Structure formats: C-alpha cells, structure tokens
Amino acid sequence: MSEIALTVIKVLFLALLWLFILSAVSVIRSDLFGRTVPAPDQPQARELENPPPPPRRTKRQRGEPRVLTITQGQQAGESAELAGGTVMIGRGADCPLILDDDYVSTRHARVVVNAEGVYIEDLGSTNGTYVNGQRITAPTTITLSDTVRIGKTILKLEP
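Please read these numbers as outputs of a predicted model, since none were measured by experiment. (Residues numbered from 1 in each chain as written. Predicted model: local features only at pLDDT ≥ 70, side-chain atom pairs only at ≥ 80, totals over all residues. Heavy atoms only, no water.)

S.K.: Help me understand the overall build of the protein chain in this model?
M.R.: Within the protein chain one finds two helices and eleven strands. Taken from the N to the C terminus, the helices and strands of the protein chain come in the order α-α-β-β-β-β-β-β-β-β-β-β-β. When each of the 159 residues of the protein chain is scored for burial, the buried share is 26%. (Helix = DSSP H or I, 4+ residues; strand = E, 2+ residues; numbered from the N terminus. Buried < 20%, exposed > 50% of the residue type's maximum accessible area, 1.4 Å probe, protein only.)

Okay, structure coming up:
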C-alpha cells in the first residue's frame, strides 16, 4: 500500500474514533444533567403583541391549600406557590419545585389546582409517586391531611 493511502486511512480512523468519543460524552452528559425540555406553552408572536389580560383573582376559602411544602428530606422547608394553577415537580430546571433527590425523575409529577380541588399526577416516573403510602397511577385528589412522597422527599399541602 502506498504511504498516502495509509495516511488517509489513519486520518479517517482518527476521525471515527473522535466521533465515537464525542457521542459517548454527549450520552453521559445527558444522563447526568438531563435534557433541556422546551416549555409546552411557548408564547406565540401574536400573544406577545397583544398580551391577554391578567387573570382575575378570586377569593380563596379559608383553609384552602396555597402552598406545597417539603416536610421531610434534604430540602425540608422549601415550598412552591399553587397560585399559578400548575406546579411541576422534578429534577429538571423547568420545574418550579426542583427536588435534589436521586430517586426523582427529571419531570416526575404535576400538581394541578382547579375549581374541583387539588390533584397530583405522576408523569410516568421510574420510581413512582405515592399519596398516603399508596402508589398512584392516575390523577389523584389531595387535601391538607394527605402526604405525598416522591423519591425520599415528603411533601404536604398547607393553607
């Protein structure tokens, strides 16, 4: 084989080796830090020009849940307001309540507040979401007396 052909083969092999290394690093990085997930409700251009009027505030009943608080776990004492209607819970940066727990998925669960009450929904997490010790598989109503366990973290609604 000529010396030029051998040099070309060496360069191609080196390029292939670098592609493999870069793809392996990319997989490891996404495994460790998660992937960036675009928010499902990105504002459209028209909405930016004519923003909708702010939502009307309704009076809350006394004893109605306003905050989801971490009661046990590494981040005990942290909380998230339920005023927005929906609170995402997980390890991802797009979640209002970020849990630093190895057993929590990137987007683990969602808490939804509507006229009927407060619901929690597991978003297909690996380790599941538990309400009062029972694993949930469908949106489940929660009240002030219920405890929610996600990974090793325990959460509770507070007025």
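S.K.: What is the right way to look at the environment of Gln74 in this model?
M.R.: For Gln74, the location among the structural elements is in the loop between strand S1 (67–72) and strand S2 (79–81). Looking at Gln74, the relative accessible area reads 70%, which means it is exposed. Between the alpha carbons of Gln74 and Lys152 there is a distance of 8.6 Å; along the sequence they are 78 residues apart.

S.K.: Would you take a moment to explain the side chain of Ser125 for this structure?
M.R.: Residue position: Ser125 is located in the loop between strand S6 (117–122) and strand S7 (129–131). Among the polar contacts listed, one links the side chain of Ser125 to the side chain of His108, at a separation of 3.2 Å. Within the local environment of Ser125, its side chain forms a polar contact with the side chain of Asp122, the two groups lying 2.7 Å apart. Apart from the residues within four sequence positions on either side, Ser125 is in contact with Ser105, His108 and Arg135. (Polar contact = N/O pair within 3.5 Å; in protein donor to acceptor, adjacent residues only side chain to side chain. Contact = heavy atoms within 4.5 Å.)

S.K.: Quick question: what am I supposed to make of a nonpolar patch on the surface here?
M.R.: Taken together, Phe13, Leu14, Leu17, Trp18, Phe20, Ile21, Leu22 and Val25 make up a surface patch of nonpolar side chains, about 840 Å² in accessible area. On the secondary structure map, Ile21 appears in helix H1 (residues 3–33). (Patch = residues over 30% accessible without salt bridge, like charges linked within 9 Å, V, L, I, M, F, W, Y side chains within 5 Å. Areas by Shrake-Rupley, 256 points an atom, 1.4 Å probe, with all protein chains shown as cover. Salt bridge = Lys/Arg side-chain N within 4 Å of Asp/Glu carboxyl O.)

S.K.: Explain the nonpolar core to me, please; I cannot follow it from the model alone.
M.R.: Inside soluble globular proteins, nonpolar side chains tend to come together where they are buried. Core analysis: the biggest nonpolar cluster contains 21 residues, and Leu68, Ile89, Leu97, Val111, Ile120 and Ile150 have the highest contact counts within it. Mapped onto this core, the elements with two or more residues apiece are S1, strand S3 (86–90), strand S5 (109–114), S6, strand S10 (147–150) and strand S11 (153–158). Ranked by residue count, the leading element in this core is S5, at three residues. The contacts of Val111, once residues within four sequence positions are left out, are Leu68, Leu82, Gly85, Thr86, Val87, Ile89, Val118, Tyr119 and Ile120. (Core = buried A, V, L, I, M, F, W, Y, C linked by side-chain atoms within 4.5 Å.)

S.K.: How do you make sense of the sheet that holds S3 when you look at a structure like this?
M.R.: In a beta sheet, neighbouring strands pair by backbone hydrogen bonds and run either parallel or antiparallel. Taking strand neighbours across the sheet as the criterion, the five strands line up as S4-S3-S5-S6-S9 in an open arrangement whose pairing is mixed. Edge positions in the sheet fall to strand S4 (97–98) and strand S9 (140–142), since each has one partner strand and no second. Alignment of S3 against S5, held across four bridges, turns out to be antiparallel. The partner of Thr86 across the bridge, within S5, is Val112. (Pairing = 2+ DSSP bridges.)

S.K.: I keep staring at the sheet that holds S1 and nothing clicks. Help me out?
M.R.: Strand order across the open sheet formed by six strands is S2-S1-S11-S10-S7-S8, with antiparallel pairing between neighbours. Of all strands in the sheet, those with a lone pairing partner are S2 and strand S8 (134–135), marking the two edges. The pairing of S10 with S11 spans four bridges and is antiparallel. Looking across to S11, one finds that Ile150 is bridged to Thr153.

S.K.: Just to check I follow, could you spell out the side chain of Thr69 for this structure?
M.R.: Inspection of the secondary structure assignment puts Thr69 in strand S1. A distance of 3.3 Å separates the side chain of Thr69 from the side chain of Glu158, its partner in a polar contact. Setting aside residues up to four positions removed in sequence, Thr69 forms contacts with Gly77, Glu78, Ser79, Ile154, Leu155, Lys156 and Glu158.

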